[in-house]
Amino acid sequence: MLPSPAQLIDAPKFDHWFPGQEELVMKVMAWLQGDKRFLCANVPTGFGKSIVAIIAGHLSGRWKIVYLTYTKGLQDQLMADFDGPVQMHEIRGQSNYECMDAPPARVDEGKCHAGETCDLKSVCSYYHALQFAKWSRFTNTNYSYWLAQNYYGDGLLPKNELDEVEGTYPLVVMDEAHLAGRALEQHLTVNLGEMDFSVLGWEMEEMQAWTWEQWQLKCKYKEGELNHEASELAKEMKDHTASRGERRRYKTLKNLELQMKAVGTAEIEWIREWGGSSVSLCPVWPSHYNGRLFIGDKILLMSGTLTRKSVEKLGIREEECEWIDSPSPFDPSNSPITQINIGFRIEYRTPPENMEVWARVIDRIVEKQGNRKGILFTVSYPRAELFYRLSGLPRSTLVTHHRRNTLERVEYFKKSRGPKLLVSPSVTSGWDFPDTECEYIIIGKVPFVTATGELTKARQKEDKEWVHFLAMETIVQEAGRGTRKMTDRCEVFVVDDHFSWFWPKYKHFSPRWFQDRVKKSVSSVPDRR
């Protein structure tokens, strides 16, 4: 039997093991001593995955552990929990740090990105944090930064006295691993808009007719042109104090140069996705480039919705990995999932009169919960706004947000007294609402991805179940936001008749612990438990 986490890493917050945590630590330790490079741990939401990974890494004696997250919320939580106990250091993108040469500008806007030398680099807040992150045993960052720093920079390993980086990362922990493929896709995607077309001298109508071979030839040619122009501009700026316009131009040229290189050197054909006056280019599946993501001797993938399919799409072969499917330590009766039949499905063509019925059913759920606080997941911002207009609940009960004030409004919701309903399409992963912060959840629509874009259509063509897999993945994440502790009680209600056919057909895409929570559908709103 292991000592408590608090004794192992001096973390008073973790004064005891949750059921199953100690056993999971031992399994991770056994894997670290084995031959398999990957360990895929399907661990229920609220289980306490982070403390398991930290303790296992600590006990392993490995000299460098990098902990990756997808959401900033989880990154903040990790730093709050482990900054002191294991002296974890974090590093984020340069836009998160103020430029000391030209405040309040951010570091990514500084003259060091315009081909100029900065005398303040040795005391720069960003480069200071980067050095700490490199030399720290425990380093915390997000997928986006991890991919960029390893591919475009020199990584997160310290350099030796010869100013060289040696070896690989001993252990990389990928939390929220079900989103790792999305992070890699975002890293790879090339986005070009009207301003870019102007710099490149390309006409959109001509571009739409190009074959993939033409795209690659033109991008290779433009890469050389952009590099030459940026070099000439850098020479000019050395002769005088560069203007903001010159710096902006230099940064634009270098960014476009990288994008041209990405397309020009692609080894497989990428999908072109047109949207108004812009285009995005991305491979059908990012797994061909997973070497940019999987950099390490041992890689631990953890998520509450990790499945064989999600791992397969990352390009991990079955023989390369071990699997752990942890049972939930929580009593399923404390967080039952019930569909309320309303007689129709929620989709873009649902008649207005039916949407009014939908809103009244949701209102009835909230009213029966009394002074409790809950979350309504709407999938989209327009549907969140529609519910706000149709709902008969007091306006003081409803907490809404838009893309730019999510954190602020979530914090307001957490600190408020009930009754309160957070109406959101986006707090589905990486957000925690323990105790009385959320005691019921309403899934207002089965979150299907619309298969209208070229990329989604291409994926659906190769994998007929792809959009259904994504929908189930999101549902599992949504339903787990309020179940974070053994004592949490959080009912889940599904108000969309799509669930009647979707669940029986695709429940195999959900973990077993989640299936145990799903109850029979009902025709009316049940009383408060």
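Check the entry above for the structure.
The rules behind each value
Residues numbered from 1 in each chain as written. Predicted model: local features only at pLDDT ≥ 70, side-chain atom pairs only at ≥ 80, totals over all residues. Heavy atoms only, no water. Core = buried A, V, L, I, M, F, W, Y, C linked by side-chain atoms within 4.5 Å. Buried < 20%, exposed > 50% of the residue type's maximum accessible area, 1.4 Å probe, protein only. Contact = heavy atoms within 4.5 Å. Pairing = 2+ DSSP bridges. Helix = DSSP H or I, 4+ residues; strand = E, 2+ residues; numbered from the N terminus. Axes fitted to C-alpha atoms, helices over the stretch in contact; angles between N-to-C directions. Arc of directions from axis to C-beta. Salt bridge = Lys/Arg side-chain N within 4 Å of Asp/Glu carboxyl O. Phe/Tyr/Trp six-rings, centres within 6.5 Å; stacked < 30°, edge-to-face > 60°. Lys NZ or Arg CZ within 6 Å of the ring centre and 35° of its normal.

We now examine the nonpolar core. Ranked by size, the top nonpolar core spans 64 residues in total, and within it Leu192, Trp215 and Leu301 carry the most contacts. Setting aside chain neighbours within four positions, we find Leu301 in contact with Phe38, Leu39, Cys40, Ala41, Met174, Ala177, Phe294, Leu306, Leu314 and Ile316.

So, on to the sheet that holds strand β1 (residues 38–42). With respect to topology, seven strands assemble into an open sheet ordered β3-β4-β2-β5-β9-β1-β10, the strand pairing being parallel. Whereas interior strands pair on both sides, the edge strands pair on one side only; in this sheet they are β3 (89–90) and β10 (321–325). Bridge count for strand β5 (residues 171–174) against strand β9 (residues 298–303) is four bridges, and the pairing is parallel. Of the residues in β9, the one forming a bridge with Met174 is Leu301. In the packing of helix α3 (residues 49–60) onto the sheet, contacts are made with β2 (65–69), β4 (138–142), β5 and β9, and the angle to β2 comes to roughly 165°. In the packing of helix α4 (residues 72–82) onto the sheet, contacts are made with β2, β3 and β4, and the angle to β4 comes to roughly 160°.

Turning to helix α5 (residues 125–135), a few remarks are in order. All of the buried residues in α5 are Tyr126, Tyr127, Ala129, Leu130, Ala133 and Lys134. Here the buried residues of α5 occupy an arc of 155° about the axis, which is enough to place them on one side. In the core, the buried residues of α5 are packed alongside β3, β4 and α6 (143–152).

Another aspect to go through is the pairing of strand β12 (residues 373–377). The buried count for β12 comes to five of five residues, which makes it a mostly enclosed element. Burial along β12 is two-sided: the residues Lys373, Ile375 and Phe377 and Gly374 and Leu376 are all buried. In this sheet, strand β14 (residues 420–424) lies alongside β12 in parallel orientation, the contact comprising five bridges. Across the sheet, the residue bridging to Phe377 is Ser424, located in β14. Sheet topology note: the β12/strand β15 (residues 440–443) ladder contains four bridges and is parallel. Each bridged residue has a counterpart across the sheet, and for Ile375 the counterpart in β15 is Ile441.

A word on the pattern of salt bridges. Per the counting criterion, the structure on display carries 28 salt bridges. One salt bridge connects Arg317 with Glu319, and the closest N-O pair in it is separated by 2.9 Å. For Glu319, a relative accessible area of 52% translates into the label exposed. Taking the shortest distance from any N to any O, the salt bridge between Glu320 and Arg317 comes out at 3.5 Å. A relative accessible area of 46% means that Arg317 is categorised as partly exposed. Each of the salt bridges in this network shares a partner with another, and the network as a whole consists of Asp76, Glu90 and Arg92.

What follows covers the packing of aromatic side chains. In this structure the tally under the stated criterion is 26 aromatic pairs. On the basis of an interplanar angle of 85° and a centroid distance of 5.6 Å, the ring pair of Phe448 and Phe502 is categorised as edge-to-face. Of the two residues, Phe448 is situated in the loop between β15 and α16 (454–462) and Phe502 in helix α18 (residues 498–506); the sequence distance between them amounts to 54 residues. A ring pair is formed by Phe499 and Trp503, whose centres lie 5.8 Å apart and whose planes are at 15°; its orientation type is stacked. Taken as a pair, Phe499 and Trp503 lie in helix α18 at a separation of four residues, close to a single helical turn. As far as the burial class goes, Phe499 and Trp503 line up, both buried. A cation over an aromatic ring shows up here: Lys373 above the ring of Phe413, its NZ or CZ 5.1 Å from the ring centre. If you follow Arg395 out to its NZ or CZ, it ends over the ring of Tyr388, 4.5 Å from the centre.

Turning next to the sheet that holds strand β6 (residues 190–192). Spatial ordering of the open sheet is given by β6-β8-β7, a layout of three strands whose pairing is antiparallel. Edge strands, defined here as strands with exactly one partner in the open sheet, are β6 and β7 (270–275). Each strand of the sheet is rotated relative to its neighbour by a mean of 15°, with strand direction disregarded. Relative to strand β8 (residues 278–283), β7 is paired through six bridges, and the arrangement is antiparallel. Its bridge partner being in β8, Gly275 is matched across the sheet by Ser278. With respect to the sheet, helix α10 (residues 212–237) is in contact with β6, β7 and β8, its orientation differing from that of β7 by roughly 85°. Across the sheet, α16 is in contact with β7 and β8; its angle to β7 comes to roughly 140°.

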